[in-house]
Amino acid sequence: MSFPRVTFVAAIALPLCLWLTGCGSRTDVEAAATPLPDQLASAWQAFNRGQLPEARQTFTRVLAATSDQPELRVQAQFGLGLSLAHDRRAETRAQAVPVLQLIAQDFPDSPIAPWSILEIGIAQSHLSERLDLNYPADFNVAARASFETVLARYPDSPAAAEAHLRLAHTWAMQVKGPEVDRQINRLADFVTTHPDSPLNTAINTYLGVWYSIPKQDFARAIPFLSAAAEEGLADPFRQSQYDWSVAILYERGLGDLKSARHWYARLIDEAPTSRHAPPARIKLEAIEVLLTSDAPETPTS
């Protein structure tokens, strides 16, 4: 999510005089003289540049000064949590969890609250993949609980879409089992009941890949990948990947050459300069020969 970016305005005269007379460091005095919204904007700019220690320092300073300004405080708390969660060191990432939990505890009605719980689940999920760490808790179980909390408390939040996707992924890695199927079906129901979700392309892609690769259920995979392709992408090279995947599934998975022909032709029309276009032309020519001859419909090599 995004926050307003305010132009950073640094005071010059007073900090310079104090610095020259030895009354504190220039950085500290400048920060103290800078309006809190500007300090917050500066922290987000540091975060976006990947300067996480600097971002954490500024978010912490804003937190210390905003006990009576809840709107700024919740943003600073969220920023501090994110700057911890995005650190590559697992020990630092683990520190994000209690920081982000304070938002759901102290600001449950804030639009940031569902995102904070989502980020807790993401951090926990990442920690569960660190097999070299001996943490006392099962972070994958904790991650699932966090994602479920988003869905239970904030079902209409934009964060719910990502919570559905990430929750399903924590189960899908197991490939088999009734709970895996339940979560995958739950994810499929979400895209049906939320047709305008901005994450539907990603969810449809995930479901299409899930059904086509580990499940080998090509008939189930095609509607999801087709839906992702129909939603369209601004990048023609990525768009061609969707068209190619659907065409291949029709051709090799189901042996439906007429449908495969449609998707190969669509690929060539939508992304004629993509890397998939040359092989799609070859495929299309071979299929045309098969469909206009007496030969049985068999996938091309």
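Residues numbered from 1 in each chain as written. Predicted model: local features only at pLDDT ≥ 70, side-chain atom pairs only at ≥ 80, totals over all residues. Heavy atoms only, no water.

**Some remarks on the nonpolar core**
One broad trend across soluble globular proteins is that nonpolar side chains are buried collectively.
Point 1. Counting residues in each nonpolar core, the largest one holds 82 residues, and the members touching the most others are F59, F78, L118 and Y264.
Point 2. With nine residues, the top contributor of residues to this core is helix α10 (residues 159–172).
Point 3. Apart from the residues within four sequence positions on either side, L118 is in contact with F147, V150, A159, E162, A163 and R166. (Core = buried A, V, L, I, M, F, W, Y, C linked by side-chain atoms within 4.5 Å. Buried < 20%, exposed > 50% of the residue type's maximum accessible area, 1.4 Å probe, protein only. Helix = DSSP H or I, 4+ residues; strand = E, 2+ residues; numbered from the N terminus. Contact = heavy atoms within 4.5 Å.)

**Things to note about the packing of α10 against helix α11 (residues 178–193)**
Point 1. Following both chains from N to C, one finds α10 and α11 inclined at 155 degrees, their axes separated by 9 Å at the closest point. Classified by the interaxial angle, the pair formed by α10 and α11 is roughly antiparallel. For α10 against α11, the interelement crossing comes out left-handed. Judged by residue contacts, A161, H164, L165, L167, A168, W171 and A172 of α10 engage E179, V180, Q183, I184, R186, L187 and F190 from α11.
Point 2. By residue class, the composition of the contact of α10 with α11 is ten nonpolar, two polar and two charged. (Axes fitted to C-alpha atoms, helices over the stretch in contact; angles between N-to-C directions. Parallel < 35°, antiparallel > 145°, perpendicular 65-115°, else oblique. Left-handed = near helix turned anticlockwise from the far one by under 90°. Nonpolar A, V, L, I, M, F, W, Y, C, P; charged D, E, K, R; others polar.)

**Describing the packing of aromatic side chains**
Point 1. Taken as a whole, this structure holds four aromatic pairs when the rule is applied.
Point 2. Centroid distance W44 to F47: 5.7 Å. Interplanar angle 85 degrees. Geometry classified as edge-to-face. You can see W44 and its partner F47 sitting in helix α3 (residues 36–48), three residues apart, about one turn around the helix. F47 matches W44 in its accessibility class, with the two residues each being buried.
Point 3. Their ring planes at 65 degrees and their centres at 5.6 Å tell us that W244 and Y264 sit as a pair that is edge-to-face. Residue W244 is found in helix α14 (residues 236–253), and its partner Y264 is found in helix α15 (residues 257–270); the two are separated by 20 residues along the sequence. (Phe/Tyr/Trp six-rings, centres within 6.5 Å; stacked < 30°, edge-to-face > 60°.)

**Points about the environment of T170**
Point 1. Here T170 shows up in helix α10.
Point 2. Between the alpha carbons of T170 and R144 there is a distance of 7.2 Å; along the sequence they are 26 residues apart.
Point 3. Once you skip the residues sitting within four places of it in the chain, T170 turns out to touch S125, N140, R144 and F147.

**Quick word on the pattern of salt bridges**
Point 1. By the definition in use, this model includes twelve salt bridges.
Point 2. The salt bridge partner of R166 is E162, with a shortest N-O separation of 2.7 Å. Note that R166 and E162 are positioned in helix α10 at a spacing of four residues, about one turn of the helix.
Point 3. The salt bridge partner of R266 is E270, with a shortest N-O separation of 3.2 Å. A residue pair is termed a helical-turn pair when its members lie 3 or 4 positions apart in one helix, as R266 and E270 do in helix α15 at four residues.
Point 4. A relative accessible area of 13% places R266 in the buried class.
Point 5. Through salt bridges with shared partners, one network takes in E230, D243, R266 and E270. (Salt bridge = Lys/Arg side-chain N within 4 Å of Asp/Glu carboxyl O.)

**Digging into the confidence of the model for the protein chain**
Point 1. Here the protein chain averages 82 in pLDDT, while 81% of its residues score no lower than 70.
Point 2. Note on residues 1–26: pLDDT under 50 across the span, and 33 contacts to partners over four residues away in sequence or across chains. (pLDDT = per-residue confidence, 0-100.)

**Considering α10**
Point 1. The end-to-end C-alpha separation of α10 is 20 Å, in line with the 20 Å expected for 14 residues at 1.5 Å each.
Point 2. Most of α10 sits out of view: twelve of its 14 residues are buried.
Point 3. The set of residues buried in α10 consists of A159, A160, A161, E162, A163, H164, L165, L167, A168, T170, W171 and A172. (Expected span 1.5 Å × (residues − 1).)

**A word on the environment of N140**
Point 1. Relative to the helices and strands, N140 resides in helix α9 (residues 139–153).
Point 2. Once residues lying within four places of it in the same chain are set aside, the contact partners of N140 are Q124, S125, S128 and T170.

**Observations regarding the environment of S116**
Point 1. Along the chain, the position of S116 falls in helix α8 (residues 113–128).
Point 2. Of the residues examined, S116 reaches a relative accessible area of 0% and is grouped as buried.
Point 3. Sequence spacing of S116 and G81 is 35 residues, and the spatial spacing of their C-alpha atoms is 8.1 Å.
Point 4. Non-local contacts of S116, meaning those with residues more than four positions away in its chain, are made with F78, L100, I103 and A104.
Point 5. Here the side chain of S116 touches A113 through a polar contact of 2.6 Å, landing on its backbone oxygen. (Polar contact = N/O pair within 3.5 Å; in protein donor to acceptor, adjacent residues only side chain to side chain.)

**Looking at unusual backbone geometry**
Glycine aside, a negative phi is what most residues show, and trans is what most peptide bonds show.
Point 1. Although it is not a glycine, Q216 adopts a positive phi angle of roughly 55 degrees.
Point 2. Along the chain, Q216 turns up in the loop between α12 (200–212) and α13 (218–231).
Point 3. Given the relative accessible area of 48%, Q216 is considered partly exposed.

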